[in-house]
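An overview of the molecular structure
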Amino acid sequence: MMETWLVGTGLTSEIGQALLSCLEPTCRVLGVSRQSAVSSTHHVTWVQGDLANHRELWVERLVDELKSRHVEQVAGVVHAAGVVFADQVTATTPDEIDQTLMVNLRAGLRLLQGLRPWLKSGSSVVLVSSVDARMQSSDGPAAIYGAAKAGLEGLARQLAAEWGESGVRINAVAPGAIASGMGPQASLADRITGHIALGRLGNPKEVAHVIKFLLSPQSSYITGTVIRVDGGLNLRY
Ligand SMILES: NC(=O)c1ccc[n+]([C@@H]2O[C@H](COP(=O)([O-])OP(=O)(O)OC[C@H]3O[C@@H](n4cnc5c(N)ncnc54)[C@H](OP(=O)(O)O)[C@@H]3O)[C@@H](O)[C@H]2O)c1
């Protein structure tokens, strides 16, 4: 079987790891991480990069890897890196604002700019947003994070329109309260599940399966959309 390539950020996250564990065995993965200790395997190669650092050449490193392996097309791209500083906007420091916008939003844009030559008919991009793009969570205010995620959803719609004719699809998924790294604090879980129709937090696999679907040809007529994976958050009032 022919191998396909997936390039992504945030693949060391619990949602990212759940995605890697459900990919087809023919899928080769190139991921960015700040961690120097993540070791590459036959299927997954890591390049080091801090998405919050303007001077870091992580996009160039990804491109060099693709060129050195003579990759002609990247079938899937996932931008799942995220960071949040939950606080009132007046208490958010300039450095926290920069980090939030750089990691959640700017990195997604830079990734897609850099990979554009490898995105061809059939390629699919998934940007990991959040329900916080539309509402505040019980974890507290996180205006910059919400703005960055709303920006990602705008990016998905604009690029879906711009690149649609070349057969490239771009969508976003918006997880709700997921029991993983950036998920709700344990002390708030009961209060939050009271707002969820399914009455429980989601698990990383449930987000990963939707990302996998959007990456696959089964979603070939879906582009420019945001799929919420939130168990029916705020369906009652
Ligand atoms: N968990 C939830 O309830 C929830 C809800 C809505 C949306 N989301 C979104 O889902 C995604 C994954 O969330 P998670 O909870 O699974 O996250 P997580 O386990 O906390 O992982 C965060 C990821 O972001 C990467 N990252 C953060 N800062 C980075 C930087 N400066 N440079 C490079 N990579 C950086 C980390 O990579 P390294 O540490 O390897 O560098 C890691 O892979 C995020 O985009 C988050 O906003 C999560």
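Calculation criteria
- Residues numbered from 1 in each chain as written.
- Predicted model: local features only at pLDDT ≥ 70, side-chain atom pairs only at ≥ 80, totals over all residues.
- Heavy atoms only, no water.
- Helix = DSSP H or I, 4+ residues; strand = E, 2+ residues; numbered from the N terminus.
- Polar contact = N/O pair within 3.5 Å; in protein donor to acceptor, adjacent residues only side chain to side chain.
- Contact = heavy atoms within 4.5 Å.
- Pairing = 2+ DSSP bridges.
- Axes fitted to C-alpha atoms, helices over the stretch in contact; angles between N-to-C directions.
- Expected span 1.5 Å × (residues − 1).
- Buried < 20%, exposed > 50% of the residue type's maximum accessible area, 1.4 Å probe, protein only.
- Right-handed = clockwise from strand over helix to strand, strands pointing away.
- Near = heavy atom within 4 Å.
- Areas by Shrake-Rupley, 256 points an atom, 1.4 Å probe, with all protein chains shown as cover.

On to the side chain of S129, then. Among the secondary structure elements, S129 is positioned in the loop between strand 5 (124-128) and helix 4 (143-163). Of note is the side chain of S129, whose polar atom sits 2.7 Å from the side chain of E153. Not counting the four nearest positions on each side in its chain, S129 is found in contact with K149, L152, E153, V173, A174 and P175.

Here we have 7 strands laid out as an open sheet, ordered 3-2-1-4-5-6-7, and parallel in their pairing. Across the chains shown, the open sheet's two edge strands, defined by having one partner strand only, are strand 3 (44-48) and strand 7 (226-229). Each adjacent strand pair in this sheet contributes to an overall mean axis angle of 20 degrees, direction not counted. Pairing between strand 2 (residues 27-33) and strand 3: 5 bridges, direction parallel. Bridge pairing in strand 3 places G31 opposite W46. Against the sheet, helix 3 (residues 94-115) makes contact with strand 1 (4-9), strand 4 (76-79) and strand 5, and its axis sits at roughly 160 degrees relative to strand 4, the strand it touches most. Strand contacts of helix 4: strand 4, strand 5, strand 6 (169-175) and strand 7, with the helix running at about 160 degrees to strand 6, the strand carrying the most contacts.

Another point: helix 4. Helix length check: helix 4 (21 residues) gives 30 Å between terminal C-alpha atoms against 30 Å at 1.5 Å per residue, within 8%. Regarding helix 4, the residues found buried are I144, Y145, G146, A148, K149, L152, E153, L155, A156, L159, A160 and W163. Here the buried face of helix 4 lies against strand 4, helix 3, strand 5, strand 6 and strand 7.

Of all 6 residues making up strand 1, 5 are buried, and the element is well covered by its neighbours. Where strand 1 meets strand 2, 6 bridges bridge the pair, whose relative direction is parallel. Within strand 2, the residue paired with G8 across the bridge is G31. Between the parallel elements strand 1 and strand 2, the chain passes through helix 1 (residues 14-22) in a crossover that is right-handed.

It is worth spelling out the site of the ligand at this point. Taken together, the neighbourhood of the ligand is formed by 29 residues, with T12, S33, D50, Y145 and M182 sitting nearest. A distance of 3.5 Å separates an oxygen atom of the ligand from a polar atom in the backbone of G10. Within the side chain of R34, a nitrogen or oxygen atom sits 2.8 Å from an oxygen atom of the ligand. In isolation the ligand exposes 890 Å². Once the protein is present, 91% of that is buried. Only helix 1 and helix 4 provide two or more residues apiece to the shell around the ligand.

These values are about where atoms sit, not about what they do.
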